[in-house]
Amino acid sequence: MLISALLGACGSDDGSGEFYTDWDLGGGCSHDSGGADRTNAQGVPVDVCADVEGHWTWVSYGAAWCSTSRQQAPLVARLAREAPRDLRVYAVVTAGEQVFTAPSQRDAQQWARSSGLSAARVLYESEGGSRTVPQHLLIGPDGRTWYRHVGLLDSNAMSRLVEDFASGARHPAVRDLGVR
């Protein structure tokens, strides 16, 4: 039972994959609480929310122990390479090589090397093993969450999502809770 619960947190088969957290519903980066400082693979603290105004930001979460997350990483790197200039792309390593272990700077460095992502854009922070991965977050230029997805996405799907939201062809499904 426990094993299936753990494996279920790696690679969702949810039909839509789309869902939203309290943080998203409360305004995301536009909320007073903003984002959390995480450390990048170079050892530098980064607050993703501090640099979202006027830019689209894509954040993908993954765990070193999760094979689906490792499969997702090079696709995120491709998105970063092919992205328009106003799209910031980050990866957040949420766990180490073993389930429920905190990631280290070494894990983030390995993630950057194996995926091809810039070490400056690979962050790590322990999520306490509670986040389902891979997971993706699109933050709009207004600092609000425009899209969140659990499960594997190819780089073309990620690019289309960003293009659709940026062009106005698609609108966020996140309802505002009025938290300011």
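Residues numbered from 1 in each chain as written. Predicted model: local features only at pLDDT ≥ 70, side-chain atom pairs only at ≥ 80, totals over all residues. Heavy atoms only, no water.

Here we look at the pattern of salt bridges
Working step 1: Tallied over the full model, the rule gives five salt bridges.
Working step 2: In this structure, Asp24 and Arg148 form a salt bridge, with 2.6 Å as the shortest nitrogen-oxygen distance. With Asp24 in helix H2 (residues 22-25) and Arg148 in strand E7 (residues 145-150), this pair connects stretches of sequence that are 124 residues apart.
Working step 3: Residue Arg148 is classed as buried on the basis of its relative accessible area, which comes to 3%.
Working step 4: Between Arg38 and Glu125 there is a salt bridge, with its nearest N and O atoms 3.1 Å apart. Of this pair, Arg38 sits in strand E1 (residues 37-40) while Glu125 sits in the loop between strand E5 (122-124) and strand E6 (135-139), and the two are 87 residues apart along the sequence.
Working step 5: Judged by relative accessible area, which is 11%, Arg38 ranks as buried. (Salt bridge = Lys/Arg side-chain N within 4 Å of Asp/Glu carboxyl O. Helix = DSSP H or I, 4+ residues; strand = E, 2+ residues; numbered from the N terminus. Buried < 20%, exposed > 50% of the residue type's maximum accessible area, 1.4 Å probe, protein only.)

Quick notes on helix H4 (residues 105-115)
Along an α-helix, residues three or four apart share an orientation, since each turn contains 3.6 residues.
Working step 1: Turning to H4, its buried residues number three or more, namely Asp107, Ala108, Trp111, Ala112 and Ser115. Down the axis of H4, the buried side of the element spans an arc of 140°, and every buried residue falls inside it. Facing away from the buried surface of H4 by more than 90 degrees, the exposed residues are Arg106, Arg113 and Ser114.
Working step 2: Where H4 is buried, its residues contact strand E3 (56-62), helix H3 (67-82), strand E4 (87-93) and E5. (Arc of directions from axis to C-beta. Contact = heavy atoms within 4.5 Å.)

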